[in-house]
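Structural overview for review
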Amino acid sequence: MQTFKGRDLLTLAELTPGELAHVLDVAETPAESWPRFDGASAGMIFMKPSLRTRVSFEVGCVQLGVHPIVMGPFDAFSREETVHDTVKVLERYVDLIVLRTFAHSHIEEVAGHASVPVINALTDDYHPCQGLADLLTIRQHKGALKGLRLAYVGDGANNMSNTYLLAGALAGMQVAIGAPAAYQPAPAVLAQAQELAARYGTGATFAVTADAAEAVAGADVVVTDTWASMGHEEEHAKRVVEFAGYSVTPELMAKADAQAIFMHCLPAHRGEEVANEVIDSAASVVFDEAENRLHAQRAWMSLVLGGEEL
Ligand code: CP
Ligand code: NVA
């Protein structure tokens, strides 16, 4: 019997396909059935900017009766205090730690010291909360996940492309990454996705190509993300040149299935990775996707605080 109580969420690879489906089901729990954790607190540390993640976690906490405390780099991991000491102090106050940071090894270190659950609110390598919200959004719009064709176009080596590989592996999707040669998934991440798909027999497949049109051909879901993630801002001008040809334009969307949906974790850089005509089209579900951050994170927090068994 698996329980969610006390568990961390650093990457989606920590979930089984069954657990993943359960989290998505819990995310659709009607408001009158949400549990309450009055008296609990969540410490949320943002070492990078955030709109959606910060606000959706704060609102999700309030909906569960959990008091949210938001901190920035001024408050935590400052003044040369060690990760160990920071975590050992925080866990005396809070029941949950949410962290957005740079190196994935930083959140691994935090989780290694923490006796309370740790939730990854984005690292350089993974964004599991966005992955849960995106799968929920796809399931709502397409009815199911297994066998769907998801095409990710753009920076194929960032936290979102990594997350789609793991999400697709667990959900049994056909994931195609269309990215310039220098921005394709790390072999280790691809291997991890393949290993997960084989371990659980989900039937997921993975393809990587430098040809955006080839990646998008026949896709049910077309997704992109910024070309220069947080921490790489100084490369923006260089990347705008390198990623020419990887914009999701109406012409590229026309290669996808006629019923394809368009997704983007946001913030979008209109006119770069996506054209206005696509993000503002009827195919775009980006604001449902943003809303689902709230539902997915509330579900995960309720499970790790409440301890429901599978
Ligand atoms: N998608 C996402 O994580 O948005 P924020 O960076 O605004 O939190
Ligand atoms: N890849 C982007 C995602 C933002 C939510 C970044 O890390 O900046």
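To keep things clear, this report deals only with the structure shown in the data block. (Residues numbered from 1 in each chain as written. Chains lettered and ligands numbered in written order. Predicted model: local features only at pLDDT ≥ 70, side-chain atom pairs only at ≥ 80, totals over all residues. Heavy atoms only, no water.)

So, on to unusual backbone geometry. In most cases, non-glycine residues show a negative phi, while peptide bonds are predominantly trans. For the bond running from Leu266 to Pro267, omega is 10°, close enough to zero to count as cis. One non-glycine residue, Leu122, adopts positive backbone phi at about 115°. Of the residues examined, Leu122 reaches a relative accessible area of 6% and is grouped as buried. As for its placement among the helices and strands, Leu266 is situated in the loop between strand 9 (261-264) and helix 11 (276-279). (Buried < 20%, exposed > 50% of the residue type's maximum accessible area, 1.4 Å probe, protein only. Helix = DSSP H or I, 4+ residues; strand = E, 2+ residues; numbered from the N terminus.)

We now examine the pairing of strand 6 (residues 174-178). By the criterion of burial, strand 6 is predominantly enclosed, with 4 of the 5 residues buried. Here strand 5 (residues 149-153) pairs with strand 6 via 5 bridges, running parallel. Looking at strand 6, one finds that Arg149 is bridged to Gln174. Relative to strand 7 (residues 205-209), strand 6 is paired through 5 bridges, and the arrangement is parallel. Directly across from Gln174, in strand 7, lies its bridge partner Thr205. Taking the sense of rotation as the criterion, the β-α-β connection linking strand 6, helix 7 (residues 187-200) and strand 7 turns out right-handed. (Pairing = 2+ DSSP bridges. Right-handed = clockwise from strand over helix to strand, strands pointing away.)

A word on the layout of surface pockets. Which parts of space are left empty comes out when a probe the size of a water molecule is rolled across the atoms. Roughly 390 Å³ of volume is contained in the largest pocket. What lines the largest pocket is a set of 23 residues, and nearest its centre among them are Asp225, Thr226, Met230, Leu266 and Pro267. Going through the elements one at a time, helix 2 (52-64) and helix 6 (159-171) are the ones with two or more residues in the lining of the largest pocket. Its residues assigned to classes, the lining of the largest pocket comprises 9 nonpolar, 9 polar and 5 charged. (1 Å grid on protein atoms, 1.4 Å probe; cavity = no way out; pocket = protein on both sides within 12 Å on 5 of 7 lines; lining within 4 Å. Points joined across faces, edges and corners; volume = space filled by probe spheres on them. Nonpolar A, V, L, I, M, F, W, Y, C, P; charged D, E, K, R; others polar.)

For Gln130, the position within the fold is in helix 5 (residues 128-142). What makes Gln130 buried here is its relative accessible area of 1%. Side chain to side chain, Gln130 and Arg293 meet in a polar contact 2.9 Å long. Residues contacting Gln130, with those up to four places away along its chain left out, are Met160, Cys265, Glu289 and Arg293. (Polar contact = N/O pair within 3.5 Å; in protein donor to acceptor, adjacent residues only side chain to side chain. Contact = heavy atoms within 4.5 Å.)

The full set of residues close to ligand 1 is Ser50, Leu51, Arg52, Thr53, Arg100, His127, Gln130, Cys265, Leu266 and Arg293. Within the side chain of Gln130, an N or O atom sits 2.9 Å from a nitrogen atom of ligand 1. Leu266 places a polar main-chain atom, nitrogen or oxygen, 2.9 Å from a nitrogen atom of ligand 1. Alone, ligand 1 offers 260 Å² of accessible surface; in the complex the protein occludes 96% of this. With respect to the pocket detection grid, ligand 1 is positioned in the largest pocket. (Near = heavy atom within 4 Å. Areas by Shrake-Rupley, 256 points an atom, 1.4 Å probe, with all protein chains shown as cover. Sits in = over half its atoms within 2 Å of the grid points.)

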